[in-house]
Each structure stands twice: as structure tokens, then as C-alpha cells.
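Structural characterization, general
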Amino acid sequence: MTNKEFFKALGDLEREKGIPQEVFIESLQNALVAACKKQYAGAAGTVEVKLNPEKESIDIYTVKTVVEEVVDDENEISLEAARTLRKSYKPGDSVREKLVPKDFSRIAAQTAKQVILQKLHETERDKAMTEFADKEGELIVGVVRKIDAKNVYVEIGKGQVEGLMMPSDQVSGETYEVNDKIKVFVKRVKSGFRGAQVLVSRSAPGLVKKLFEEEVPEIKQGTVTIKEISREAGARTKIAIYSEDERVDAIGACVGNKGARVNAVVEELKGEKIDIIPWSENPLEFIAKALSPAKVVSVTQLDGEKTAMAVVPDDKLSLAIGKDGQNARLAVRLTGWKIDVKSQSAAEKLGLNFTEESEGTEETEE
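This one's a predicted model, so the numbers in the text were calculated from it and none came from an experiment. (Residues numbered from 1 in each chain as written. Predicted model: local features only at pLDDT ≥ 70, side-chain atom pairs only at ≥ 80, totals over all residues. Heavy atoms only, no water.)

1. Some thoughts on the overall build of the protein chain
Counted only if it meets this: A run of DSSP states H or I qualifies as a helix once it reaches four residues; a run of E qualifies as a strand once it reaches two. Both are numbered from the N-terminal end. Note on classification: 1.4 Å probe, protein chains only; a residue is buried when its accessible area is under 20% of the maximum for its type, exposed when over 50%, partly exposed between these limits. Contacts are residue-level and defined by heavy atoms, with any inter-residue pair within 4.5 Å sufficient.
When its secondary structure is counted, the protein chain shows 12 helices and 15 strands. Classification of the 366 residues of the protein chain by burial places 43% in the buried group. In the protein chain, of all internal contacts separated by at least 6 residues, the share reaching a separation of at least 24 is 60%.

2. Quick look at the side chain of S343
Structurally, S343 can be placed in strand 15 (residues 338–343). Looking at S343, the relative accessible area reads 9%, which means it is buried.

3. Description of the packing of aromatic side chains
We apply this condition: Two aromatic rings, drawn from Phe, Tyr or Trp (for Trp, its six-membered ring), form a pair once their centres lie within 6.5 Å of each other, and the interplanar angle then sorts them: stacked below 30 degrees, edge-to-face above 60, tilted otherwise. Distance and angle both matter: a charge sits over a ring if NZ of Lys or CZ of Arg is within 6 Å of the ring centre and within 35 degrees of the ring normal.
Following the criterion strictly, the structure yields 1 aromatic pair and no others. Ring plane angle 85° and centroid distance 5.5 Å describe the contact between Y242 and W279, whose orientation is recorded as edge-to-face. Of this pair, Y242 sits in strand 11 (residues 236–243) while W279 is found in the loop between strand 12 (273–278) and helix 9 (283–290), placing the two residues 37 residues apart along the sequence. For Y242, a relative accessible area of 34% gives the class partly exposed. The positively charged end of K227 is found above the aromatic ring belonging to W279, 4.7 Å away from the centroid.

4. Structural notes on unusual backbone geometry
Residue P293 is bonded to the preceding S292 through a cis peptide linkage, with omega at 15°. Looking at the secondary structure, you find P293 in the loop between helix 9 and strand 13 (298–301). In this structure, K306 takes a positive phi of about 50° despite not being glycine. Positionally, K306 belongs in the loop between strand 13 and strand 14 (307–312). When its relative accessible area of 38% is taken as the criterion, K306 is described as partly exposed.

5. A short note on the sheet that holds strand 10 (residues 224–232)
Rules: Here, strands pair whenever DSSP counts at least two bridges between them. Axes here mean lines fitted to C-alpha atoms, for a helix over just the part in contact, with angles spanning 0 to 180 degrees between N-to-C directions.
A sheet is described by the order of its strands in space; here 3 strands give the open sequence 10-11-12, paired in mixed fashion. In this open sheet, the two strands that pair with only one neighbour each are strand 10 and strand 12. The sheet shows a mean angle of 20° between the axes of neighbouring strands, direction not considered. Bridge count between strand 11 and strand 12: 6 bridges; the pairing is parallel. Its bridge partner being in strand 12, I241 is matched across the sheet by P278. This element, helix 11 (residues 326–335), spans strand 10, strand 11 and strand 12 of the sheet and lies at about 135° to strand 10.

6. Description of the nonpolar core
Short version of the rule: To qualify as a nonpolar core, a set must consist of buried Ala, Val, Leu, Ile, Met, Phe, Trp, Tyr and Cys residues joined through side-chain atoms within 4.5 Å.
With 22 residues, the main nonpolar core has F212, I239, I241, I274 and I276 as its most contacted residues. Those elements that place two or more of their residues in this core are helix 5 (205–215), strand 10, strand 11, helix 7 (250–255), helix 8 (260–268) and strand 12. Here the element with the most residues in this core is helix 5; it accounts for 4 residues. Not counting residues up to four positions away in its chain, the partners in contact with I239 are F212, I226, E228, I229, I274, D275, I276 and I277. I277, I287, L319 and V341 belong to the second largest nonpolar core, which has 21 residues in total.

7. Quick notes on the sheet that holds strand 13
Taking strand neighbours across the sheet as the criterion, the 3 strands line up as 13-14-15 in an open arrangement whose pairing is mixed. Every other strand in the sheet has two partners, leaving strand 13 and strand 15 as the edge strands with one partner each. Averaged over all pairs of adjacent strands, the angle between their axes in this sheet comes to 20°, without regard to strand direction. Of the pairings in the sheet, the one linking strand 14 to strand 15 comprises 6 bridges and is parallel in character. From the neighbouring strand, T307 faces strand 15, where its bridge partner is K338.

In short, the description is geometric, and any link to function would need to be established separately.
Shown next as C-alpha cells:
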């Protein structure tokens, strides 16, 4: 490649990719210095490389310091030798001599290729990072491109960005196949070794929130607010909602006509059960609702910070606790309270006083 062809290529890159020539030139100068030092170790000394787009020239110089007595042959030149080149040299001056190394054209071509590819990669990565910097917390559609022993790699954007779904962000029971289109929640955007990398999830509670925003206009408009979400991905989610407008039924808005809206979310989640809970600023009332689908007789605050006892009918105890304690566990996460669930007969045996005053939401299939 001639100098003319080289600078023309840089001009083409600037027009096509929007990358200024100066970006390549600065990096290429540094790379050529390193290449020359490696190729001509012990002979080049301090090296300077000057690229001049206007003159379409690439010049290499060795630089040595003028000294009275040479200690370092590679980086120093004696005053006597320097004055054979120019009589005005004095100790401390720098002597620059043009260097024309053997096979320089080959070295320059290889180095230029490496630098240009690296800069193109960095630029594409930076553009992708800029594109996705504000996507954290969003729902996007990606295409599964690769699956290894642990991770699922999802292509998102215009194919320049890789979404990484680690095991903790995958849903037990879901299967992923190459070329599958899937909806994922963007957890975090970072710059990795392979370029811009987006950490995505199918198990995050935020996925459920964004799916409801897609299906329920009242949520997207802000009339209905999602206050809290607790989730055990693939099994059950509890979502606490509140209507900012007393004329709007929050539960009805999320359920939709004949359950169309909530069913659309359930379908996307491959059958995951969803309990839609009316949020309340009264924590005890909220706890009663959070134990849905079980009916709750009463909730009493106990000694200790944010600790309560919920009493349920004897035949609803297993429903309130849930399989392997899941329902009660999700209620604890949803409310932020420690909840001791007891049957009505157990509470009576302990001599506890309670009043039937609270009920859960309508029961759903466990």
C-alpha cells in the first residue's frame, strides 16, 4: 500500500464511519513507534513517527540526546558526532535523524490494519454503549444467538451488541434455542472485553413490571401505579398496585376484559402464576391482602420492628403458607414485614385475641 492509498483509505473511513482521520493518525503513530522498536530493538533508540495527511507522507526519525560522554549508545550521541551534523548543537539538545528501516512498507501495512480494525471495533462499541446507555430498566426483544454450558447470548439492537443472560437471570423450566426471539429485561450496560455488553434477564421482577406496562395503558399513563413486586421466577409473582384516580379500578385495569391483559403477561411468562394485590398504606391491611389467595381473619403487629402475626382459617393455612412456604415468603418480600402465619385454632390455643376484620383478595388456583 502506497502512502497515497493509505491516506485515501483514512478519508474513506472518515466519510463512511464518521471517524476523524486524527483519531487513526494518533493511534497509528504510537503503534508504528512500538512496531519499529520491536523490529529494530537496540538500533532505533527513541523513535518518532510523523504522519502528514496533507503531504501524504509517513516519516520515521530516531531521536538522541547530545552529551559530552556517551553512556547509552541507543539514546545518546556525543557532542563531537552531533556537531558533524550541525555545528550549533550543544549538550542537552535532541538530534533527529530520518530512519528508513528495511521492510518498513510491510510493517506499516500490518500495523495500520491492526490499528484501523481496533479503532473500528472501539467506535462501534462506543456507539452501541451510547445507544444502550439509557436502556437500563427497559424491556427489549432479542434473538438468541449462542448457548453455552451456563450462559445464553442474545443479539439486541442492530446486531452490534451482545446481551448476556447468566444462569441467575434464566428461568427454571424455560428452554432457549438458537434463533428464538425473546423479551428480556435490561439489568445493566457495561463495556466488556468483547465490546459493549448488556446484562439481560428473564427472571428479574422488573420484567413483570414492564410486561404489565405494555399490556395496561393505565399503568403506562401513570393512572395505576405498581408499588411493589415480589417474584420467584417461573412459579409465582405478587404485584401490588394502586390507583391514583379513585374512579379507576386498579385490579380491573390489570386483569382486563375477561382476563385478557393479565393472561397476556402469564402467557409471556410461560404460565407463571400472578397475584394482583391492592396496595394499602396501612401495613396490616396490606399484609392481609399480600397473603392472597388465602382469606385472612386478622393481622396484629407484634413486638419488634415490622413484625406481624396473621391469623387464617384452619382450612386456609396451607394456602396462606403455600407450597414449600412460597406464598408466605413472597408476601414477606412484598410487604417488607416479617409475618408469622397461624391457623385460627392455633391462635385460640395460645389464648390470643383477634377480631375477624381483614380478607385477602379473591382466591385463585394454587
